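Each chain, written out:
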Amino acid sequence: MKAILILASAAAMTASSAVYAADAVETIPAAPEAIETVSAFTWSGPYIGLHGGYAWGNADSTLLPGGSDDFDGGRFGAFVGYNWQFSNGFVAGIEGDVNYDWNENTYAGVDAESGFSGSVRGRVGYAFDRALLFAAGGWTATNVSVDGGGVDDDDTLHGWTIGGGLDYAFTDNVFGRVEYRYNDFGSGDIAGTDVDFDQHVVNVGIAVKF
């Protein structure tokens, strides 16, 4: 009787093991789901944009009544640059721009103005994801002219510029900008007299990043 029980138990264990093995073969583990990766935004790369704003200028010259006067007005321009963003959030770059200022004054039929200007600036900043706080400075130049009253002359003044602002990326490829600059254009010569010109500027712009 004991032998029969032992044989029955062994047969039951063998059948159970066979069924378990068959289930294990038929059960194929599912492939792991692919994890979607989202690339982090970066300020690195080239960009080009347009800006406009207002400029508050001051000129010193014996050609002007009282020897000095304000030259204020709207402005419009374009800029192009390149940024390098590092892993710690630090951003460095270079940028150039060309602008036109509407700031003409007239004195008894004599027109005095500054018109086209431009700059090449180095930039440093820190990125808070899509917000970039920056400072910039470098070389700048503008053309000043006097026309009327027997005088028709102009000169290009060369100086330096410094300022800062905020770039904010609305999308991966489009960003807006607000910035302040101080331009010291140095001095030049108009009709044999010295002319000094400096300017405070506020710009608002939009750009495309590639």
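Residues numbered from 1 in each chain as written. Predicted model: local features only at pLDDT ≥ 70, side-chain atom pairs only at ≥ 80, totals over all residues. Heavy atoms only, no water.

Please clarify how the overall build of the protein should be interpreted in this entry.
Per the secondary structure count, the protein includes one helix and nine strands. Along the chain direction, N to C, the helices and strands of the protein fall in the order α-β-β-β-β-β-β-β-β-β. Every one of the 210 residues in the protein was classed for burial, and the buried ones make up 37%. For the protein, the proportion of contacts with a sequence separation of at least 24, taken over those separated by at least 6, is 60%. A total accessible area of about 11900 Å² is found for the protein, and carbon and sulfur atoms account for 65% of it. (Helix = DSSP H or I, 4+ residues; strand = E, 2+ residues; numbered from the N terminus. Buried < 20%, exposed > 50% of the residue type's maximum accessible area, 1.4 Å probe, protein only. Contact = heavy atoms within 4.5 Å. Areas by Shrake-Rupley, 256 points an atom, 1.4 Å probe, with all protein chains shown as cover.)

Would you explain the pairing of strand β3 (residues 90-101) in this entry?
Walk down a regular strand and you will see the side chains alternate between the two sheet faces. Relative to β3, strand β2 (residues 68-85) runs antiparallel, the two sharing 11 bridges. Within β3, the residue paired with Gly77 across the bridge is Asn99. Hairpin connection, β2 to β3: the antiparallel pair is bridged by four residues, and Gly89 has positive phi, about 95 degrees. As judged from the 11 bridges shared by β3 and strand β5 (residues 110-128), these two strands associate in the antiparallel manner. (Pairing = 2+ DSSP bridges.)

Honestly, it's all geometry; don't read function into it.
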